[in-house]
Amino acid sequence: MVVPAKMKNDSSINVQVGKSDEESNKVPEAVLIDIVRAYDKVDIMSLKDVIAKLKCFHLDTQGSENILRENLKTSYQKILLNGVDLSLSNDLLPYYVIIDFEATCLHSNTPGYRHEIIEFPAVLVNSRKQEIVDCFQMYCKPQINPILTEFCTELTGITQEQVDSAETFDKVIVHFQKWLSKHQLGSKHKFCVVTDGPFDMSRFLYSQCHYLSLPFPKWGTKWVNIRKAFCKFYKSESLGLSNMLEYLEMNFKGRLHCGLDDAKNIARILLRMIYDGACILPNERITRAKEHQNKAKGGNKSFTQPKTGEQDETKEETKNLRVEAHCKPVYYDNMPNFKRVKKERLIAEAKLARKILRNTKDMTEKS
């Protein structure tokens, strides 16, 4: 866990509060950010407001102004560190797998251009612990357009040498399935894929499976489009990855358009949304296939759901055929928004503060 710079420089912030070093390193990033915000809030509060808040938490209001401010800061910190579970919604799956493919591309893609996946990254998030558990990353060797364009290399940072020495997608997806099995995802544990937009599943994965005559994986039929979930929960306009991070007062970490770095940053947004009380459920699904035929080739080629061992078109015929799936939104009733959840959390935090105070008094009396 990376501690915000301000927290590193503030010796008065003790993020352990009775926790071991190992436990304190697992404090969610969202909690650390909120502690910084709480400290800033206390610093600009009037003495009258500080005393009022201490009374709300049933804390002692005697002492100098500096002591009262420090007591309030300590109280906020204890509440935030001990109240992580207050943020957890019932509408969560135990695990989420964030996927952000990188694919072959041109500077100006033609309507029928077929993208091939060249980086297969995944980040596993445990929603209960609110942490990243593991990462998966493999490069894929493209077969239709084996030579990467200069634009593609500049955009993704993926070199020709990396894809030349990589395995083909049909072998990489087997490694990914084994990675899922290693974590017992889909067997013992339920999980859902999370993406930034609809195209990772409906265009890149769908087209890749079609071209290679691979069965489309079940985990790719429904997913969480983080942009839609973010927009609905925070009541914001539709934002891209960098702008979502900026909205949450977070900075992008790593290299933009590196698939694994993108997935890690999407995971950070997901974790913040979980902490803020969002319901994270699949909001898009595949309904049926559609195709984009390169006008230069002409013709009207049909496409059905790919099945193992069946090849309805030769690879030569499909070089300029981009296949993708229609996406349909999934709706839920009474989904909470940030404003409502925040109000409920303020009440819960006040109750928790009183509980912490009672426990502290009990321990003092026993000693």
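Residues numbered from 1 in each chain as written. Predicted model: local features only at pLDDT ≥ 70, side-chain atom pairs only at ≥ 80, totals over all residues. Heavy atoms only, no water.

Draft legend 1. Region of interest: the overall build of the protein. Scanning the protein for helices and strands turns up 13 helices and eight strands. Going through the 367 residues of the protein one by one, you find that 48% of them count as buried. Across the protein, contacts joining residues at least 24 apart in sequence account for 73% of those joining residues at least 6 apart. Total accessible area on the protein stands at roughly 19,100 Å², and carbon and sulfur atoms take up 50% of it. (Helix = DSSP H or I, 4+ residues; strand = E, 2+ residues; numbered from the N terminus. Buried < 20%, exposed > 50% of the residue type's maximum accessible area, 1.4 Å probe, protein only. Contact = heavy atoms within 4.5 Å. Areas by Shrake-Rupley, 256 points an atom, 1.4 Å probe, with all protein chains shown as cover.)

Draft legend 2. Structural view of a positive patch on the surface. Positive charge collects at one region of the surface, where Lys218, Lys222, Arg285 and Lys328 lie side by side. By the element assignment, Lys328 lies in strand E8 (residues 321-329). (Patch = residues over 30% accessible without salt bridge, like charges linked within 9 Å, V, L, I, M, F, W, Y side chains within 5 Å. Salt bridge = Lys/Arg side-chain N within 4 Å of Asp/Glu carboxyl O. Lys, Arg positive; Asp, Glu negative; His and termini not counted. Charge placed at Lys NZ, Arg CZ, Asp CG, Glu CD.)

Draft legend 3. Layout of the side chain of Arg114. For Arg114, the position within the fold is in the loop between strand E2 (102-103) and strand E3 (117-126). The exposure class of Arg114 is buried, given its relative accessible area of 2%. A distance of 2.8 Å separates a polar atom in the side chain of Arg114 from a polar atom in the side chain of Ser207. (Polar contact = N/O pair within 3.5 Å; in protein donor to acceptor, adjacent residues only side chain to side chain.)

Draft legend 4. Focus on the packing of aromatic side chains. The final tally for this structure, using the stated rule, is 13 aromatic pairs. With centroids separated by 4.9 Å and ring planes inclined at 90 degrees, the aromatic side chains of Phe101 and Phe120 adopt a geometry described as edge-to-face. Within this pair, whereas Phe101 is found in the loop between strand E1 (95-99) and E2, its partner Phe120 is found in strand E3, the two being separated by 19 residues in sequence. For Phe101, a relative accessible area of 3% translates into the label buried. Here Phe230 and Tyr247 contribute two aromatic rings whose centre-to-centre distance is 5.4 Å and whose plane-to-plane angle is 75 degrees, an arrangement assigned as edge-to-face. Of this pair, Phe230 sits in helix H10 (residues 226-234) while Tyr247 sits in helix H11 (residues 241-247), and the two are 17 residues apart along the sequence. Three or more aromatic residues link up through ring pairs in this structure, and these residues are Phe101, Phe120, Phe136, Phe169, Phe176, Trp179 and Trp219. When the ring centre of Phe199 is taken as reference, the NZ or CZ atom of Arg203 above it lies at 4.1 Å. (Phe/Tyr/Trp six-rings, centres within 6.5 Å; stacked < 30°, edge-to-face > 60°. Lys NZ or Arg CZ within 6 Å of the ring centre and 35° of its normal.)

Draft legend 5. Representation of the packing of helix H3 (residues 29-44) against helix H12 (residues 259-275). At a closest axis distance of 9 Å, the pairing of H3 and H12 adopts a crossing angle of 65 degrees. Judged by the angle between their axes, H3 and H12 are roughly perpendicular. Here H3 contributes Glu29, Ala30, Val31, Ile33, Asp34 and Arg37 to the contact with H12, which in turn contributes Arg268, Arg272 and Tyr275. (Axes fitted to C-alpha atoms, helices over the stretch in contact; angles between N-to-C directions. Parallel < 35°, antiparallel > 145°, perpendicular 65-115°, else oblique.)

Draft legend 6. Summary view of the pattern of salt bridges. In total, this model carries twelve salt bridges according to the counting rule given. Measuring nitrogen to oxygen at the nearest pair gives 2.5 Å for the salt bridge that ties Asp196 to Arg227. With Asp196 in the loop between strand E5 (191-195) and helix H9 (199-211) and Arg227 in helix H10, the pair connects residues that are 31 residues apart, well separated along the chain. Under the relative-accessibility criterion, Asp196 is labelled buried at 15%. Each member of the salt-bridge network shares a partner with another, and the members are Asp34, Arg37, Glu249, Arg272 and Asp276.

Draft legend 7. Here's a closer look at the confidence of the model for the protein. On average, residues of the protein carry a pLDDT of 80, and 73% of them reach 70 or more. Counted against residues more than four places away or in other chains, residues 1-24, with its pLDDT under 50, gives 38 contacts. Under a pLDDT of 50 for its full length, residues 291-320 has, in the predicted model, 56 contacts with residues more than four places off or in other chains. (pLDDT = per-residue confidence, 0-100.)

Draft legend 8. Region of interest: the environment of Leu54. Positionally, Leu54 belongs in helix H4 (residues 47-56). Exposure remark for Leu54: the relative accessible area of 0% places this residue in the buried category. Remark: the alpha-carbon pair of Leu54 and Asn71, spanning 17 residues in sequence, is separated by 8.2 Å. When sequence neighbours within four positions are dropped, the list of residues in contact with Leu54 reads Leu59, Asp60, Thr61, Leu68, Asn71 and Leu72.

Draft legend 9. Structural detail: unusual backbone geometry. With a phi angle near 55 degrees, Gln130 is a residue other than glycine that sits in the positive phi range. Take Gln130: it is sitting in the loop between E3 and strand E4 (131-139). Its identity is not glycine, yet His257 carries a phi of approximately 75 degrees, on the positive side.

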